Amino acid sequence: MRTILYAMLTTLLLVSYSSMAKVTHVSINQQQFALGANPKLKVNIVTERSHLDKLQFVVEQQSGSERLMVSPINSFMLLLDGVEDVTDADAMLIVKEYQINQWQEVKRMRLFDGATLTKPLATPLDKKLTKPTVVNDNLVSTAVNPTGVVTAKPLLDNNLIEPNCQLDYDGKQTLWRIASMYAKAWQLSTYGAALAIFDANPKAFSKRKIDKLRADVVLVCPSLLVKQRYLDAKFAKQTFDAM
């Protein structure tokens, strides 16, 4: 009898624990600060919880830890910010969830992975820029390589784009068509590829609306870091539908 009760209690605890685990996805969407500055970043999150008081986001570095302030942007994105400068290149973002009367660590992510990622693999559809141009209303600088060839260098966030690379776009295709062309090569769903293109080319969309791709722009290739945000096809679709 005691053995049966113990088994039933154990099963009940396991079921309760699984029902409490509400966070199904969390990732860094956009880092809006540099090493040595106050932390400020956007995170993607898929959770069944309706109250943010059951979640904590903590920056952990050599000098100590700081719990970040949380502001909802939409159903799938949060803005996090703090007041303590992040001076540790190995600083971590720790996500905690309140489960079974205690805080449980859900995920831990490096804040500065973008600086150590390997160079993104080029795809057959990616075209290299070979002359100075204007990319999404941003001026580009020029540089001369040892062979004397002048190449263009977009003045954009290197964490968001693959340097000196542009997508095959002539102003006539829809975003969905472009995304479907690259999705397989990038190992993403079409939703994920569309979001990656949007993140890397914010000024290519009128009023920053994902359904308003301009015809007069050059689209640059999203970086590996951006593509990795949308590896989860379900999350990518939910994010796309919410925009």
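As the structure is a computational prediction, the values presented were derived from the model and not from experiment.

### Notes on the sheet that holds strand β5 (residues 69-74)
Sheet architecture is open: four strands sit in the order β1-β2-β6-β5, paired in antiparallel fashion. For this open sheet the edge positions go to β1 (23-31) and β5, each flanked by a neighbour on one side alone. Neighbour-to-neighbour, the strand axes of this sheet turn through a mean angle of 30 degrees, independent of strand direction.

### So, the packing of aromatic side chains
One pass over the structure, following the stated rule, counts eight aromatic pairs. With a centroid separation of 5.2 Å and an interplanar angle of 65 degrees, the aromatic rings of Y98 and W103 are classed as edge-to-face.

### Focus on the side chain of Q56
Inspection of the secondary structure assignment puts Q56 in strand β3 (residues 55-61). Setting aside its immediate chain neighbours within four residues, Q56 contacts R67, I94, V95, K96 and W103.

### Digging into the state of the cysteines
This model, assessed by the stated rule, comprises one disulfide. Linked covalently through their sulfurs, C165 and C221 form a disulfide whose S-S length is 2.1 Å. Between C165 and C221, the S-S dihedral sits near -65 degrees, and the bridge is therefore left-handed. You can see C165 sitting in strand β13 (residues 161-166) and its partner C221 sitting in strand β14 (residues 220-222), a full 56 residues away along the chain.

### Quick notes on the confidence of the model for the protein
Per-chain confidence: the protein averages 75 in pLDDT, with 71% of residues scoring 70 or above. Across residues 9-21, confidence stays below pLDDT 50; counting only partners more than four residues off in sequence or on other chains, it has nine contacts. Every residue in residues 114-157 is under pLDDT 50, and counting partners more than four places away or in other chains gives 84 contacts.

### Re the pattern of salt bridges
Summed over the entire model, instances satisfying the criterion amount to six salt bridges. Salt-bridge contacts for E60 lead to R108; the nearest nitrogen and oxygen are separated by 3.2 Å. Taken together, the residues span a long stretch of sequence, with E60 in strand β3 and R108 in strand β8 (residues 102-110) at a distance of 48 residues. With relative accessibility at 38%, the residue R108 sits in the partly exposed group.

### Some words on the side chain of N201
Structurally, N201 can be placed in the loop between α3 (190-200) and β14. A polar atom in the side chain of N201 sits 2.7 Å from the backbone nitrogen of V220.

### Remarks on the environment of A91
Relative to the elements of secondary structure, A91 occurs in the loop between β6 (77-81) and β7 (92-99). On the basis of relative accessibility, which here comes to 0%, the residue A91 falls in the buried class. Along the primary structure A91 and Q62 are separated by 29 residues, whereas in three dimensions their C-alpha atoms are 7.5 Å apart. In this view, A91 contacts E60, Q61, V86, M109, R110, L111 and F112; residues no more than four positions away in its chain are not counted.

### Quick notes on the pairing of β3
For β3, the buried fraction is high: six of the seven residues fall into the buried class. In this sheet, strand β4 (residues 64-67) lies alongside β3 in antiparallel orientation, the contact comprising four bridges. In the sheet register, V58 faces β4, and the bridge partner there is R67. In this antiparallel pair of consecutive strands, β3 and β4, the connection spans two residues.

Scoring rules and cut-offs
- Residues numbered from 1 in each chain as written.
- Predicted model: local features only at pLDDT ≥ 70, side-chain atom pairs only at ≥ 80, totals over all residues.
- Heavy atoms only, no water.
- Pairing = 2+ DSSP bridges.
- Helix = DSSP H or I, 4+ residues; strand = E, 2+ residues; numbered from the N terminus.
- Axes fitted to C-alpha atoms, helices over the stretch in contact; angles between N-to-C directions.
- Phe/Tyr/Trp six-rings, centres within 6.5 Å; stacked < 30°, edge-to-face > 60°.
- Contact = heavy atoms within 4.5 Å.
- Disulfide = S-S within 2.5 Å.
- pLDDT = per-residue confidence, 0-100.
- Salt bridge = Lys/Arg side-chain N within 4 Å of Asp/Glu carboxyl O.
- Buried < 20%, exposed > 50% of the residue type's maximum accessible area, 1.4 Å probe, protein only.
- Polar contact = N/O pair within 3.5 Å; in protein donor to acceptor, adjacent residues only side chain to side chain.

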